[in-house]
Amino acid sequence: SGDAPTFAALYPGAQVEGAPLAADGAAGPGGLVTFSTDASPDQVVAFYRERAETAGLKSVTGMNQGEARAYGAAGDTADGPSLQVVAAPSPDGATSVHLSWSTGQ
């Protein structure tokens, strides 16, 4: 989405699957996009962690389950910006990524 904040930019070289979904929630505009990449789940999470922290978000969740990785970051307030990433290996050898975000109020 052209409206996505910098911390929710698509991973370089990402192959987007389907149309990104835009959403307006209590915490402001947001979106959800699914894409695949040749990068590893760890590389994807590191990319979004760096972008989130650069944007002033704080890491709030991190989870490793097998080869899958999940990461979340949020602003200081309940209605602030947020980011969630889930990256997992797909059967074809790529990494499948679900990225959701909100810009905050």
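See the structure shown above.
Here goes a summary of the coordinates provided. The shown structure was predicted, so the numbers you read here are calculated from the model rather than taken from an experiment.

### Details of the overall build of the protein
(1) Moving on: Helices and strands together make up the secondary structure of the protein, namely one helix and six strands.
(2) Moving on: Reading the secondary structure of the protein in the N-to-C direction produces β-β-α-β-β-β-β.
(3) Moving on: Taken over C-alpha atoms, the radius of gyration comes to 13 Å for the protein, in line with the 13 Å a tight globule of 105 residues would show.
(4) Moving on: Considering the protein as a whole, with its 105 residues, one finds that 41% of them fall into the buried category.
(5) Moving on: By element, 52% of the accessible surface of the protein is carried by carbon and sulfur atoms, the whole surface being about 5800 Å².

### Comments concerning the pattern of salt bridges
For side chains of opposite charge, pairing can occur when their charged atoms come near one another.
(1) Moving on: Across all of its chains, the model carries two salt bridges by this definition.
(2) Moving on: The residue Arg69 makes a salt bridge to Asp42 at a minimum N-O spacing of 2.6 Å. Here the residue Arg69 occupies a position in strand β4 (residues 68-74), and Asp42 occupies one in helix α1 (residues 41-54), the gap between them amounting to 27 residues.
(3) Moving on: Judged by its relative accessible area of 15%, Arg69 falls in the buried class.
(4) Moving on: Exposure remark for Asp42: the relative accessible area of 45% places this residue in the partly exposed category.
(5) Moving on: Asp76 is the salt-bridge partner of Lys58, the closest N and O atoms lying 3.0 Å from each other. Here Lys58 is found in strand β3 (residues 58-65), whereas its partner Asp76 is found in the loop between β4 and β5 (82-89), with 18 residues between them in sequence.
(6) Moving on: The partly exposed category is assigned to Lys58, whose relative accessible area is 47%.

### Focus on the side chain of Thr95
(1) Moving on: Following the sequence through the fold, Thr95 ends up in strand β6 (residues 95-102).
(2) Moving on: Under the relative-accessibility criterion, Thr95 is labelled buried at 4%.
(3) Moving on: At a separation of 2.6 Å, a polar atom in the side chain of Thr95 contacts the main-chain carbonyl oxygen of Ala39.
(4) Moving on: Excluding anything up to four places from it in sequence, Thr95 contacts Phe35, Ser36, Thr37, Ala39, Ser40, Pro41, Ala87, Ala88, Pro89 and Ser90.

### Things to note about the environment of Tyr71
(1) Moving on: Following the sequence through the fold, Tyr71 ends up in strand β4.
(2) Moving on: Tyr71 sits in the buried class, given a relative accessible area of 3%.
(3) Moving on: In this structure the C-alpha to C-alpha distance between Tyr71 and Ala46, which are 25 residues apart in sequence, comes to 9.2 Å.
(4) Moving on: If near-sequence neighbours (up to four positions away) are discounted, Tyr71 is found in contact with Val45, Tyr48, Arg49, Ala52, Glu53, Ser59, Thr61, Gly62, Leu83, Gln84 and Val85.
(5) Moving on: Within polar-contact distance, the side chain of Tyr71 engages the side chain of Ser59 at 2.7 Å.

### Considerations on the nonpolar core
(1) Moving on: In this structure, Tyr11, Phe35, Val44, Tyr48, Leu83, Val85 and Leu99 are the most contacted members of the largest nonpolar core, which totals 21 residues.
(2) Moving on: For this core, the elements supplying multiple residues, two or more each, are β2 (28-37), α1, β4, β5 and β6.
(3) Moving on: By residue number, the principal contributor to this core is α1, which donates five residues.
(4) Moving on: The residues touching Leu83, leaving out its near neighbours within four places in the chain, are Phe7, Ala8, Tyr48, Ala52, Leu57, Tyr71, Gly72, Ala73, Leu99, Ser100 and Trp101.

Criteria and thresholds
Residues numbered from 1 in each chain as written. Predicted model: local features only at pLDDT ≥ 70, side-chain atom pairs only at ≥ 80, totals over all residues. Heavy atoms only, no water. Helix = DSSP H or I, 4+ residues; strand = E, 2+ residues; numbered from the N terminus. Rg over C-alpha atoms; globule rule 2.2 N^0.38 Å. Buried < 20%, exposed > 50% of the residue type's maximum accessible area, 1.4 Å probe, protein only. Areas by Shrake-Rupley, 256 points an atom, 1.4 Å probe, with all protein chains shown as cover. Salt bridge = Lys/Arg side-chain N within 4 Å of Asp/Glu carboxyl O. Polar contact = N/O pair within 3.5 Å; in protein donor to acceptor, adjacent residues only side chain to side chain. Contact = heavy atoms within 4.5 Å. Core = buried A, V, L, I, M, F, W, Y, C linked by side-chain atoms within 4.5 Å.

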